[in-house]
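# Architecture and fold: a report
Residues per chain, in single letters:
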Amino acid sequence: MARRKLIAGNWKMNGSLAALAELRAIADAAQDAGGVDVAIAVPATLIAPAVAMAPGLAIGAQDVHAAPRGAHTGCVSVDLIAEAGARFSIVGHSERRADNHETDAEVKAKAEALRAGGLRAILCIGETLAQRDAGDAEAVVLRQLTGSLPVGTASDWLAIAYEPVWAIGTGRTPTVGDVTAMHGAIRGHLHALIGAEAVAVRLLYGGSVTGDNAAELLGAGNVDGALVGGASLTAAKFVPIIAAAV
Ligand code: PEP
């Protein structure tokens, strides 16, 4: 089945009001990129100004709390990011799993909260280098998928990003063969978990994607787009990745 490609950026804790000017050129490229969806996850404080700067672009958050409101100092709810104009959020990024000790159950609850609030989710899974070296990469990734997959998973609101932790921000990437093997395993496991809908769910690759390697990585089997960190910060680096997906 033909799945529309999705190229999503993750600005992490980077950017500024001044940096939002980059979104104009990214939005123009997104408009020209027929058949490709483009999205950018910005820091929470930049969601509203980013939407104002590039109204046509899907702007999202990088994390969200599962609870609707309450005593959760420093956190943001689905309603808060939606009110700011977010259309989606990343959940389960490996930096949050590592730095904030987020469990699969918490990631699942966050995704389910997004669905309940009418927003989309990009759910991240991926193994560490030690896990890969131990030969456990596939088992770890499929276990994360089982544990974090939200109830009601469907292609119209959820995409899954396979992001090997050792490839994030390092300049290292898996081989196309490794990506194809992992994405095939994820697709198969997803089918076992949710049945026929698994065929339509987009599987993104993330980890040191650049304009130079995007075409090759996007050509791997079962790769329906990319989640891009460092190279999403400027239009000059991000637009070639969008172009590689067209
Ligand atoms: C990410 O932040 O999810 C990511 C893949 O980062 P980078 O592209 O910089 O490796």
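Note: the structure precedes this text.
Residues numbered from 1 in each chain as written. Predicted model: local features only at pLDDT ≥ 70, side-chain atom pairs only at ≥ 80, totals over all residues. Heavy atoms only, no water.

Quick look at the packing of helix α5 (residues 104-116) against helix α7 (residues 137-148) now. The geometry of α5 relative to α7 is characterised by a closest axis approach of 7 Å and an angle of 50 degrees between their N-to-C directions. In terms of their interaxial angle, α5 and α7 are classed as oblique. Regarding α5 and α7, the two cross each other, and that crossing is right-handed. Residues Asp104, Ala105, Val107 and Lys108 of α5 form the contact with α7, whose own contacting residues are Arg143, Gln144, Gly147 and Ser148. (Axes fitted to C-alpha atoms, helices over the stretch in contact; angles between N-to-C directions. Helix = DSSP H or I, 4+ residues; strand = E, 2+ residues; numbered from the N terminus. Parallel < 35°, antiparallel > 145°, perpendicular 65-115°, else oblique. Left-handed = near helix turned anticlockwise from the far one by under 90°. Contact = heavy atoms within 4.5 Å.)

Read around the closed barrel, the eight strands follow the order β1-β2-β3-β4-β5-β6-β7-β8; overall the barrel is parallel. Put simply, the sheet's adjacent strands are angled 25 degrees from each other on average, direction ignored. Here strand β5 (residues 120-125) pairs with strand β6 (residues 158-162) via five bridges, running parallel. The residue bridging cysteine 124 from the neighbouring strand is alanine 161, located in β6. Strands β4 (88-91) and β5 of the sheet are contacted by α5, whose axis makes an angle of about 175 degrees with β4. (Pairing = 2+ DSSP bridges.)

Below, the discussion takes up the state of the cysteines. All chains considered together, the criterion is met by zero disulfides. No disulfide involves cysteine 124; its sulfur sits 18 Å from the nearest other cysteine sulfur, which is in cysteine 75. (Disulfide = S-S within 2.5 Å.)

Alternating residues of strand β3 (residues 58-61) divide into Ala58 and Gly60 and Ile59 and Ala61, and every residue in both groups is buried. Relative to β3, strand β2 (residues 36-41) runs parallel, the two sharing three bridges. Considered in β3, the bridge of alanine 39 is made with alanine 58. Handedness of the β2-helix α2 (residues 47-53)-β3 crossover: right-handed. Relative to β4, β3 runs parallel, the two sharing two bridges. Bridging across to β4, glycine 60 finds its partner in phenylalanine 88. You can see the chain leave β3, run along helix α3 (residues 78-84) and come back into β4, and the turn it takes is right-handed. (Buried < 20%, exposed > 50% of the residue type's maximum accessible area, 1.4 Å probe, protein only. Right-handed = clockwise from strand over helix to strand, strands pointing away.)

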